[in-house]
Amino acid sequence: NISINDVTYGCLMDACVKNDQVDMAVGLLRRMHEDKIPVNTVLMTTLIKGFSRQGRYSEAMQVFDTMKTNPRSKPNLITFNCILDSCVRAGQLPKAISLFDEMFLTIKPDLITFSTIIKGCCRAGNMKLGNKYLDKMLELNLKPDEAIFNLLMDACLANNSCDLALEIFGRMKELSVKPSAKT
């Protein structure tokens with residue numbers, strides 16, 4: 001007489017994702033539907049994270065789009081951070097920016113959100129846009145960490161933008177963000 005509920009399924013799905021067994025997690029989700037156990041935001045976000053880690057961008061987007069139509073699984077901050085990561089990993093910066101803007105209407109971004117979108121800008125070679133997101137972060141009174149500054153400076157140097165790298169380093173010092181050995 002053991003009752004399996006959404007928490008049980010959530011633990012199983014999380015274990016599948018952590019062990020790179022996303023298809024097994026999808027099977028568990030199907031079983032939940034068969035057992036008439038409602039899905040929730042945490043379960044769906046776990047799937048997005050799994051698809052993202054495997055480079056399965058379009059499947060992550062399908063899950064995300066499904067979430068937006070189900071009142072029981074509305075995307076939250078963690079969901080948006082996971083889908084932004086999926087976009088960045090897939091080189092889909094325009095989609096990441098669009099989702100960031102959508103998120104910004106209802107959910108306040110955090111350090112992870114900004115770190116992810118700035119990483120996407122840097123990977124696309126658009127350090128100026130990354131710097132604008134740094135400005136937006138500061139407007140929201142979020143203090144960037146050393147990792148964000150390193151992302152921007154590394155991208156600048158990789159694209160021969162030494163002046164911009166020095167400018168960003170100056171901002172880092174102004175904000176009293178302590179450089180590391182990597183910086």
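This write-up is about the structure you can find in this document.

## Thoughts on the nonpolar core
So, point 1. Membership of the largest hydrophobic core comes to 56 residues, with the highest contact counts inside it found for Met13, Met32, Leu47, Ile48, Ile83, Ile117 and Ile118.
So, point 2. For Leu47, the residues in contact, after removing those within four places along its chain, are Met13, Val22, Ala25, Val26, Leu29 and Val63.

## Quick word on helix H1 (residues 6-18)
So, point 1. Over its 13 residues, H1 extends 18 Å from the first C-alpha to the last, a length consistent with the 18 Å expected when each residue adds 1.5 Å.
So, point 2. Listed in full, the buried residues belonging to H1 are Tyr9, Gly10, Met13, Cys16 and Val17. For H1, the arc enclosing every buried residue in end-on projection is 125°, short of the 170-degree limit, so these residues lie on one face. Those residues of H1 that are exposed and angled more than 90 degrees off the buried face are Val7, Cys11 and Lys18.
So, point 3. Tucked into the core, H1 has its buried residues touching helix H2 (22-34) and helix H3 (41-53).
So, point 4. Residue Asp20 follows H1 closely and has a positive phi angle near 60°.

## So, the state of the cysteines
Note: disulfide means a covalent bond formed between the sulfur atoms of two cysteine side chains.
So, point 1. Within the structure shown, the criterion is met by 0 disulfides.
So, point 2. Cys122 forms no disulfide, and the closest cysteine sulfur to it belongs to Cys121, at a distance of 6.7 Å.
So, point 3. Classification of Cys122 as buried rests on a relative accessible area of 9%.
So, point 4. Counting only cysteine sulfurs, Cys156 is the nearest neighbor of Cys162, a cysteine outside any disulfide, at a range of 8.8 Å.

## What to know about the layout of surface pockets
So, point 1. One number sums up the size of the largest pocket: a volume of about 150 Å³.
So, point 2. Leu77, Ile78, Asn81, Cys82, Asp85, Asp110, Ile112, Ser115, Thr116, Lys119 and Leu151 are the residues that line the largest pocket.
So, point 3. Put simply, the parts of the chain that give the lining of the largest pocket at least two residues each are helix H5 (77-89) and helix H7 (111-123).
So, point 4. Looking at which element gives the most residues to the lining of the largest pocket, the answer is H5, with 5 residues.
So, point 5. Across the lining of the largest pocket, the residue classes tally to 5 nonpolar, 3 polar and 3 charged.

## Examining the packing of aromatic side chains
Any pair of aromatic rings gets described here by the distance separating the centres and the angle formed by the planes.
So, point 1. Taken as a whole and judged by the stated rule, the model has 4 aromatic pairs.
So, point 2. Considering the side-chain rings of Phe64 and Phe80, the 5.2 Å spacing of their centres and the 75° angle between planes classify their relative orientation as edge-to-face. On the criterion of sequence distance, the pair formed by Phe64 in helix H4 (residues 57-69) and Phe80 in helix H5 is long-range, its members being 16 residues apart. Both residues of the pair, Phe64 and Phe80, count as buried.
So, point 3. With centroids separated by 5.9 Å and ring planes inclined at 15°, the aromatic side chains of Phe100 and Phe104 adopt a geometry described as stacked. Here Phe104 and Phe100 lie together in helix H6 (residues 93-104), a separation of 4 residues that amounts to about one turn.
So, point 4. For Phe100, a relative accessible area of 1% puts it in the buried group.
So, point 5. With relative accessibility at 35%, the residue Phe104 sits in the partly exposed group.
So, point 6. An aromatic cluster of three or more residues is present, and its members are Phe100, Phe104, Phe114 and Tyr133.
So, point 7. Over the aromatic face of Phe104 sits the side chain of Lys136, whose NZ or CZ is 5.1 Å from the ring centroid.

## Digging into the pattern of salt bridges
So, point 1. Scanning all chains against the criterion turns up 9 salt bridges.
So, point 2. Its salt-bridge partner being Asp35, residue Arg31 comes within 3.9 Å of it at the nearest N-O pair.
So, point 3. Judged by relative accessible area, Asp35 falls into the partly exposed class, the value being 39%.
So, point 4. For Asp65, the salt bridge identified is with Lys68, shortest N-O distance 3.9 Å.

Criteria and cut-off values
Residues numbered from 1 in each chain as written. Predicted model: local features only at pLDDT ≥ 70, side-chain atom pairs only at ≥ 80, totals over all residues. Heavy atoms only, no water. Core = buried A, V, L, I, M, F, W, Y, C linked by side-chain atoms within 4.5 Å. Buried < 20%, exposed > 50% of the residue type's maximum accessible area, 1.4 Å probe, protein only. Contact = heavy atoms within 4.5 Å. Helix = DSSP H or I, 4+ residues; strand = E, 2+ residues; numbered from the N terminus. Expected span 1.5 Å × (residues − 1). Arc of directions from axis to C-beta. Disulfide = S-S within 2.5 Å. 1 Å grid on protein atoms, 1.4 Å probe; cavity = no way out; pocket = protein on both sides within 12 Å on 5 of 7 lines; lining within 4 Å. Points joined across faces, edges and corners; volume = space filled by probe spheres on them. Nonpolar A, V, L, I, M, F, W, Y, C, P; charged D, E, K, R; others polar. Phe/Tyr/Trp six-rings, centres within 6.5 Å; stacked < 30°, edge-to-face > 60°. Lys NZ or Arg CZ within 6 Å of the ring centre and 35° of its normal. Salt bridge = Lys/Arg side-chain N within 4 Å of Asp/Glu carboxyl O.

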